[in-house]
Structure formats: structure tokens, C-alpha cells
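Survey of secondary and tertiary structure
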Amino acid sequence: MIEIRIHGRGGQGAVVASKVLAEAVFAEGKWVQAFPSFGVERRGAPVAAFVRIDDSQVRLRNEIYEPDHIIVLDETLLGTGIPTAGLKSGGVVLINTPEPPDRFPDLAAFRVATVDASRIAVEHRLGSKAAPIVNTAILGAFVRAVPLCTLDSVATAVEANVPIKPKENAAATRAAYDAVLMAVPA
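Presented here is a report on the structure given in the accompanying data block. (Residues numbered from 1 in each chain as written. Predicted model: local features only at pLDDT ≥ 70, side-chain atom pairs only at ≥ 80, totals over all residues. Heavy atoms only, no water.)

An α-helical turn contains 3.6 residues, so a residue and the one three or four places further along point in the same direction. The end-to-end C-alpha distance of helix 1 (residues 14–26) is 18 Å, a good match for the 18 Å that 13 residues give at a rise of 1.5 Å each. Along helix 1, the residues classified as buried are Ala14, Val15, Ala17, Ser18, Val20, Leu21, Ala22, Ala24 and Val25. (Helix = DSSP H or I, 4+ residues; strand = E, 2+ residues; numbered from the N terminus. Expected span 1.5 Å × (residues − 1). Buried < 20%, exposed > 50% of the residue type's maximum accessible area, 1.4 Å probe, protein only.)

Right, dumping it as C-alpha cells:
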């Protein structure tokens, strides 16, 4: 079983990202589960969403405490230590940031990938410059860093599940796939 935890802030689309990723992987024949965990339900508050992927039916119904990979939609959340809690050694940490992976030496136990999903979202007019909606862009970067399914499956799931600007969101997904930076193994 592969477990993924997505950390973001209310309004960035972490919950939708978990559902879209699950649908893309399901379309390729895997069993999936996606669900959110809300703290205080307000815009800007920390939010976590979870995705489980397996070759057989997923029967667990609890939050993910030891993920294989994490996605961080807001770099400032790394300062809390919460996103990487329980992350398995060697797991991928995908961070929405304009910085390259080597700017995160504290995460050396993991495989760090970065993508400027905020810039890509703004370029595709997803949200505003002050509050870009980065969820669909980050998914393109994620399937490049962790090839759990094809980019086409993610783009198709984006267009089917994102009610506003589906074509622009799918284009952001594809742009982020090409823009992700991966840390070079030591």
C-alpha cells in the first residue's frame, strides 16, 4: 500500500487534489481511498488530505501517520514540523516553492522535489496572485516525482473533477510536470 499525505491551507485545494489523484490512479486499475482532515474550517487554516493506493481493496479508515510521500502546498507549513512527521525514510517531499531542492538541507533524509506551483497557477489564472489555487499544478509535479500514474490520467481527472476552468487547470498540471526539480542523490 502507498500512502500519501497532502498538507495545505484552506483555499489551496488540498482536498480536491487528493480526490483527483485518487481518481487518476483508480482509472489505471488500482484501489484507492481519499479523504480530508480539517482543523478549524476557515480559509487559510492548515488542512491535511490523504490518499491510499493499493492493488487490493483499501479497508483502513484512519488518518495516515506514516506516509510514503508528502505534498506541501504551502512552504511555510514546513516550519511547524507537522508535514514531515512520520514520513518514511526515502519518501518524496514535494514542496510548492520557487526554491531548488538543495535549499532544504533539513530534509536530507528524504527525496526532495520542488515546483513553483504558485507561479504556474497564476500564469494559468487559477486564483489570484495573492491566493493562487495550486492543487492541480502540484499534481502534475507529483506524478513526475512519483510516477504512480500517467500525466494523461491526472490531466483527464483534473478536467473531469475541477468545475472551474478545467482546461486551464489541466494545462497547469502539464506545465508543472515539466517544471519539477528533483534533488540529486548524494
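So much for the structure itself; the text now carries on.
Below, the discussion takes up the pairing of strand 1 (residues 2–9). Sheet faces and side chains relate simply in a regular strand, where the side chains alternate between the two faces. Along strand 1, six of the eight residues are buried, which leaves the element largely enclosed by surrounding structure. Bridge analysis of strand 1 against strand 3 (residues 46–54) gives eight bridges, and the strand direction is antiparallel. Opposite histidine 7, over in strand 3, you have alanine 48 as the bridge partner. Relative to strand 4 (residues 69–72), strand 1 runs parallel, the two sharing four bridges. The partner of isoleucine 4 across the bridge, within strand 4, is histidine 69. (Pairing = 2+ DSSP bridges.)

Right, let's get into the nonpolar core. The nonpolar side chains of a soluble globular protein tend to be buried with one another. Counting 45 residues, the largest nonpolar core has Ile4, Ile6, Leu21, Leu94, Val115 and Phe142 as its most contacted members. By residue number, the principal contributor to this core is helix 1, which donates eight residues. For valine 115, the contacting residues outside a window of four places in its chain are Leu94, Ile95, Asn96, Thr97, Ile120, Ile138, Ala141, Ala176, Ala179 and Val180. Counting residues in each nonpolar core, the second largest holds 11 residues, with Val72, Leu77, Phe104 and Phe110 among its members. (Core = buried A, V, L, I, M, F, W, Y, C linked by side-chain atoms within 4.5 Å. Contact = heavy atoms within 4.5 Å.)

Here helix 4 (residues 151–161) crosses helix 5 (residues 166–179) at 155 degrees, and the two axes come no closer than 8 Å. Here helix 4 lies roughly antiparallel to helix 5, going by the angle between them. As helix 4 runs across helix 5, the sense of the crossing is right-handed. Only Pro166, Lys167, Asn169, Ala170, Thr173, Arg174 and Tyr177 of helix 5 make contact with helix 4, whose side of the interface consists of Leu151, Asp152, Val154, Ala155, Val158 and Glu159. A breakdown of the residues in the contact of helix 4 with helix 5 according to their chemical character gives seven nonpolar, two polar and four charged. (Axes fitted to C-alpha atoms, helices over the stretch in contact; angles between N-to-C directions. Parallel < 35°, antiparallel > 145°, perpendicular 65-115°, else oblique. Left-handed = near helix turned anticlockwise from the far one by under 90°. Nonpolar A, V, L, I, M, F, W, Y, C, P; charged D, E, K, R; others polar.)

We now examine the environment of valine 154. Tracing the chain through its elements places valine 154 in helix 4. Apart from residues no more than four positions distant in its own chain, valine 154 is found in contact with Val20, Ala24, Leu139, Val143, Cys149 and Thr173.

Here we come to the pairing of strand 5 (residues 92–96). Most of strand 5 is tucked away, with five of its five residues classed as buried. Every second residue of strand 5 is oriented toward a common face, with Val92, Leu94 and Asn96 on one face and Val93 and Ile95 on the other, all of them buried. Direction of pairing for strand 4 relative to strand 5: parallel, over a ladder of three bridges. Looking at the pairing, isoleucine 71 lines up with leucine 94 of strand 5. Both strand 5 and strand 6 (residues 111–115) contribute to a ladder of five bridges, which runs parallel. Within strand 6, the position partnered with isoleucine 95 by the bridge is threonine 114.

Moving on: the side chain of arginine 5. Tracing the sequence through the fold places arginine 5 in strand 1. For arginine 5, which is buried and forms no salt bridge, the nearest opposite charge comes from glutamate 63, at a distance of 7.4 Å. Of note is the side chain of arginine 5, whose polar atom sits 2.8 Å from the side chain of histidine 7. At a separation of 2.7 Å, a polar atom in the side chain of arginine 5 contacts the main-chain carbonyl oxygen of alanine 85. Excluding residues that lie within four positions of it along the chain, arginine 5 makes contacts with Ala49, Phe50, Ile64, Tyr65, Pro67, His69, Ile70, Ile71, Ile82, Pro83, Thr84 and Ala85. (Lys, Arg positive; Asp, Glu negative; His and termini not counted. Salt bridge = Lys/Arg side-chain N within 4 Å of Asp/Glu carboxyl O. Polar contact = N/O pair within 3.5 Å; in protein donor to acceptor, adjacent residues only side chain to side chain.)

This part covers helix 3 (residues 135–145). Among the 11 residues of helix 3, 10 are classified as buried, and the element is accordingly described as predominantly covered. Residues of helix 3 that are buried include every one of Asn135, Thr136, Ala137, Ile138, Leu139, Gly140, Ala141, Phe142, Val143 and Ala145, and no others.

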